[in-house]
Number of protein chains: 2
Amino acid sequence: MKHNFGAGPCILPQIVFEEAAAAVLDFNGLSILEVSHRHKDFVAVMDETIALVKKALNVPTGYSVAFMQGGATLGFTVAALNMMRDQKRAGYFNTGTWAAGAIKEAKKVGIDVSVLASSEDKKFNYIPKDYIIPNDLDYVHFTSNNTIYGTQYKQFPVTDLPLVCDMSSDIFSQVIDVSKFDLIYAGAQKNLGPAGATLYIVKDEQLGKSTSSFMPSYLDLKQQVEKESMLNTPPVFSIYVSLLNLRNLLANGGVAEMEKRNIAKANLLYQEIDRNPLFVGTVNKEDRSNMNVTFTLLDDSNSADFDALWKGAGIVGLPGHRSTGGYRASLYNALPIESVQVLVDVMKHFESQR
Amino acid sequence: MKHNFGAGPCILPQIVFEEAAAAVLDFNGLSILEVSHRHKDFVAVMDETIALVKKALNVPTGYSVAFMQGGATLGFTVAALNMMRDQKRAGYFNTGTWAAGAIKEAKKVGIDVSVLASSEDKKFNYIPKDYIIPNDLDYVHFTSNNTIYGTQYKQFPVTDLPLVCDMSSDIFSQVIDVSKFDLIYAGAQKNLGPAGATLYIVKDEQLGKSTSSFMPSYLDLKQQVEKESMLNTPPVFSIYVSLLNLRNLLANGGVAEMEKRNIAKANLLYQEIDRNPLFVGTVNKEDRSNMNVTFTLLDDSNSADFDALWKGAGIVGLPGHRSTGGYRASLYNALPIESVQVLVDVMKHFESQR
């Protein structure tokens, strides 16, 4: 039994793995890997997947859902290209790596980026809350959760301007009000499905309004929505496994239930980090992520002993991102609280040995 | 037993499906769907996949291989962006749908496209061979095989200019001389692997030479090559299944053996089309594709009877593309000659009933 705390691609429910494996061998008489994306059986898969995204997130009328490829990294470009308006200016919050990537790619397509606030002064260990949003912006962009630093917006920025969010690492982990957003995008490989699919939820009134002189068809959300995510061959298997996962999510109480469980898991681990004198949380308490819990040893010279303990307990994926070091426990929807308890027990055991 | 003549996503070897399903359940103790792309086990997968692409196609020194997402449709844009030089002009051959898409997307990124030759005058039923290539072009682009019309270049265009090819539907089906090309790109979902991965083979000296003012990081082949296809999370499962398929390909004689088998399969079917008075091939004989065999009934009012026969024999994926009608038998590497014989027998049986 492995306890997979990896940051992504990451754990999905075991039943989803089993159903996915079965479909690789037999999906209505063929392998899911050899079925045409134009076959009615796969068109039905795509339709149901989009319908279940809407159901799970209570997506209001007037919004469309599309699946593309390229991850959030291509999403940085897609967001900027599609939300560019007359000002060709946008406001970005810089909460570290992914937000910085979004800023870089927006500039590359000709957006004049105003950094509205940044937590770079403290190595991105908090969510900046002091900012003024000017009126002359085409849109405002933020990253709801930072997987590397372990920060998460507990309250989203409020603005009358179009609001755009890279929600890759916490979408489907909690209840959200989609009506506050004009565009949400997310790589699938956390709480949705395997790597290879990217989800877009876009307000219909924003489609086809770009002022960019450059708009490849693939990157045009209007075309992707009109073609019902079949502008070209979609990532069939990643979509299908996302469907399996969405069915499982909805059968288990949906995002409201996941939110409860994720908070319970995060509380369990943060309480131990705060209690145990050998560990230190790295993030400003009120901004701590419920998805990615980052912490370090007070005395790093103990790391070999601690590493041996958690590895011995069947835990994998606990090292922090290569850019930060330390530890990172990712608590995505599919990770059971029992796995968190195993980690907490290891931390207690480690303390008892000192 | 189904005989899958689908045009893509399409049949792969049964053993590949079995190995892929097994890895969804257990890949070194985790599901392949939950393993981090940064884990050494997956880095090894990516490295071996790239090495086997090079081995299978005898890719010479001075070329790099990269995997991206977005299919050939995003590849149209990637090719134009990365091959744009001082002239901002390029020559394109128009052999139908995919070539037309490549032309459209090249124009969208600012390439002045010269159509060097087109077979539009005869509904793309041949490969145009009369053309003059001017000198003032940045590159020359063609589509090696047209899945919809069933045409295939048996001899590639010869030019001293950089040569770019969308080889989506016949790469790995035959021996090619990569040294003649500066850029080859191909969606995986024919002879390589499942949908969701796109292969690029690029001459290193062409990297970083673009004159485009617009170059998102994701679309920049130089960055993709430098990051070893890990600029961001790659399509882990599609890459892994491609590796399984490449191992199988090389264990079965490689592309030279596939070429022999594919020619034998195509000959078997074309001979029946030409012999059987009830059927007509739709393509100029010398340009007939060995991958996608297109044909029609001489008398279309017989189609219900013919359709019932091949469906009864377990054949799937035989209808022609929705834009052309008729029939299309795709004979990709994994389709056994026994399946082609089943189709030929159905055609003979259909004749005997008239």
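Residues numbered from 1 in each chain as written. Chains lettered and ligands numbered in written order. Predicted model: local features only at pLDDT ≥ 70, side-chain atom pairs only at ≥ 80, totals over all residues.

Moving on, we come to the overall build of chain A. Looking only at helices and strands, one finds nine helices and 14 strands in chain A. A globule of 354 residues ought to have a C-alpha radius of gyration of about 20 Å, and chain A, at 21 Å, matches this closely. With the C-alpha coordinates aligned to their principal axes, the bounding extent of chain A is approximately 60 × 55 × 30 Å. Taking all 354 residues of chain A together, 55% fall into the buried category. Restricting the contact set of chain A to residue pairs at least 6 apart, pairs at least 24 apart contribute 70%. (Helix = DSSP H or I, 4+ residues; strand = E, 2+ residues; numbered from the N terminus. Rg over C-alpha atoms; globule rule 2.2 N^0.38 Å. Buried ≥ 20, exposed ≤ 12 C-beta atoms within 10 Å, placed from the backbone. Contact = placed C-beta atoms within 7 Å.)

This brings us to the relation of the copies chain A and chain B. Between chain A and chain B, the superposition needs a rotation of 180° and an axial shift of 0.0 Å, giving an RMSD of 0.0 Å. In symmetry terms, the pair is related by a two-fold rotation axis. Scanning chain A for the C-alpha nearest the rotation axis identifies Ala21(A), at a separation of 2.2 Å. When the interface residues of chain A are mapped onto chain B, 100% of them again lie at the interface, so the same face is used by both copies. (Least-squares fit on C-alpha atoms with pLDDT ≥ 70 in both.)

Now for the interface of chain A and chain B. Listed by partner, the interface residues are 49 residues for chain A and 49 residues for chain B. Element by element, the count of residues in the side of chain A that touches chain B is highest for helix α1 (residues 14-25) of chain A, at five residues. Taken together, the residues of the side of chain A that touches chain B break down into 26 nonpolar, 19 polar and four charged. (Nonpolar A, V, L, I, M, F, W, Y, C, P; charged D, E, K, R; others polar.)

All names here are of chain B. Its 12 residues give helix α4 (residues 97-108) an end-to-end C-alpha distance of 16 Å, which sits within 8% of 16 Å, the value for a rise of 1.5 Å per residue. Along α4, the residues that are buried comprise Trp 98, Ala 99, Ala 102, Ile 103, Glu 105 and Ala 106. Just downstream of α4 lies Gly 110, where phi reads positive at about 100°. (Expected span 1.5 Å × (residues − 1).)

We now examine the domain arrangement of chain A. Residue and element names in this part refer to chain A. Here chain A is described as being made up of domain 1 (3-9 + 254-353) and domain 2 (14-251). Listed by partner, the interface residues are 27 residues for domain 1 and 26 residues for domain 2. Those elements giving two or more residues to the side of domain 1 that touches domain 2 turn out to be α7 (254-275) and β12 (292-297). At six residues, the largest contribution of residues to the side of domain 1 that touches domain 2 is made by α7. Its residues assigned to classes, the side of domain 1 that touches domain 2 comprises nine nonpolar, 13 polar and five charged. (Domains from an automatic or database assignment.)

Our focus in this paragraph is the nonpolar core. One finds Leu199(A), Tyr240(A), Leu199(B) and Tyr240(B) to be the most contacted residues of the largest nonpolar core, which totals 215 residues. Not counting residues up to four positions away in its chain, the partners in contact with Tyr240(A) are Ala23(A), Ile32(A) and Val45(A). (Core = buried A, V, L, I, M, F, W, Y, C linked by C-beta atoms within 7 Å.)

Residues and elements named next belong to chain A. With respect to topology, three strands assemble into an open sheet ordered β11-β12-β14, the strand pairing being antiparallel. In the strand order of this sheet, the two ends are held by β11 (279-281) and β14 (327-330), each with one partner. On average, each strand axis in the sheet is tilted by 35° relative to the strand beside it, whichever way the strands run. Pairing geometry for β12 and β14, over four bridges, is antiparallel. Note that in β14 the partner of Phe 295 across the bridge is Tyr 327. (Pairing = 2+ DSSP bridges. Axes fitted to C-alpha atoms, helices over the stretch in contact; angles between N-to-C directions.)

Before going further, it helps to examine unusual backbone geometry. Residues and elements named next belong to chain A. Here the residue pair Gly 8 and Pro 9 is connected by a cis peptide bond, since its omega of -5° sits within 30 degrees of zero. Among the secondary structure elements, Pro 9 is positioned in the loop between β1 (3-4) and α1. Phi at Lys 88 is positive, roughly 50°, even though this residue is not glycine. Its location among the elements puts Lys 88 in the loop between α3 (71-83) and β3 (89-94).

All names here are of chain B. As paired elements, strand β3 (residues 89-94) and strand β4 (residues 112-118) share six bridges and run parallel to each other. Looking across to β4, one finds that Phe 93 is bridged to Ala 117. Note that the unit made of β3, α4 and β4 has a crossover that is right-handed. (Right-handed = clockwise from strand over helix to strand, strands pointing away.)

So, on to the sheet that holds strand β12 (residues 292-297) of chain B. All names here are of chain B. The strand order across the open sheet built from three strands is β11-β12-β14, with neighbouring strands paired in antiparallel fashion. The sheet terminates laterally at β11 (279-281) and β14 (327-330), the two strands that pair on one side only. Geometrically, the sheet is characterised by an average inter-axis angle of 35° between neighbouring strands, direction not taken into account.

What follows concerns the packing of α1(A) against helix α1 (residues 14-25) of chain B. Where α1(A) contacts α1(B), the axes come no closer than 8 Å and their chain directions differ by 180°. Judged by the inter-axis angle, α1(A) sits roughly antiparallel to α1(B). Side by side, α1(A) and α1(B) meet where Phe17(A), Ala20(A), Ala21(A), Val24(A) and Leu25(A) of the first sit next to Phe17(B), Ala20(B), Ala21(B), Val24(B) and Leu25(B) of the second. Residues of the contact of α1(A) with α1(B), tallied by class, amount to 10 nonpolar, no polar and no charged. (Parallel < 35°, antiparallel > 145°, perpendicular 65-115°, else oblique.)

Below, the discussion takes up the confidence of the model for chain A. Predicted coordinates in regions of low pLDDT should not be interpreted in detail. Per-residue pLDDT for chain A averages 97, and the proportion of residues at 70 or more is 100%. Across the predicted assembly, pTM comes out at 0.98 and ipTM at 0.97. (pLDDT = per-residue confidence, 0-100.)

Okay, the environment of Asp204(A) next. All names here are of chain A. Examined against the element boundaries, Asp 204 turns out to sit in the loop between β10 (198-203) and α5 (221-226). The class of Asp 204 is exposed, set by 12 C-beta atoms lying within 10 Å. C-alpha separation for the pair Asp 204 and Gly 62, spaced 142 residues apart in sequence, amounts to 5.5 Å. Not counting chain neighbours up to four residues away, the residues in contact with Asp 204 comprise Gly 62, Tyr 63 and Ser 64.

All names here are of chain A. Interhelical geometry of α3 versus helix α4 (residues 97-108) gives an angle of 45° and a closest axis separation of 8 Å. Here α3 is positioned oblique relative to α4, judged by the angle of their axes. Crossing geometry of α3 relative to α4 is assigned as right-handed. Here Ala 72, Thr 73, Phe 76, Thr 77 and Ala 80 of α3 come into contact with α4, specifically with Trp 98, Gly 101, Ala 102, Glu 105 and Ala 106. (Left-handed = near helix turned anticlockwise from the far one by under 90°.)

Here the focus is the environment of Val164(B). Residue and element names in this part refer to chain B. Among the secondary structure elements, Val 164 is positioned in strand β8 (residues 163-166). Considering only alpha carbons, one finds Val 164 and His 141, 23 residues apart in sequence, at a separation of 4.7 Å. Discounting residues that sit within four places of it in the chain, Val 164 has contacts with Ala 79, Met 83, Tyr 139, Val 140, His 141, Asp 182 and Leu 183.

Our focus in this paragraph is the pairing of strand β8 (residues 163-166) of chain A. Residues and elements named next belong to chain A. Going residue by residue along β8, you find Leu 163 and Cys 165 tucked away on one face and Val 164 and Asp 166 tucked away on the opposite face as well. For strand β5 (residues 139-143) and β8, the ladder comprises four bridges, and the chain directions are parallel. In the sheet register, Thr 143 faces β8, and the bridge partner there is Asp 166. In this sheet, strand β9 (residues 183-187) lies alongside β8 in parallel orientation, the contact comprising three bridges. Residue Cys 165 lies in a different strand from β9, and its bridge partner there is Ile 184.

Residues and elements named next belong to chain B. Residue placement: Ile 103 occurs in helix α4. Distance in space between the C-alpha atoms of Ile 103 and Val 113 is 6.8 Å, their sequence separation being 10 residues. Those residues in contact with Ile 103 that lie beyond four places of it in its chain are Tyr 92, Asn 94, Val 113 and Val 115.

This part takes up α7(A). Residues and elements named next belong to chain A. With 22 residues, α7 extends 32 Å between its outermost C-alpha atoms, agreeing within 8% with the 32 Å of an ideal straight helix rising 1.5 Å per residue. Turning to α7, its buried residues number three or more, namely Val 255, Met 258, Asn 262, Lys 265, Ala 266, Leu 269, Glu 272 and Ile 273. Projected down its long axis, α7 shows its buried positions confined to an angular sector of 125°, all on one face. Exposed residues pointing more than 90 degrees away from the buried face of α7 are listed as Ala 256, Lys 260, Asn 267, Gln 271 and Arg 275. (Arc of directions from axis to C-beta.)

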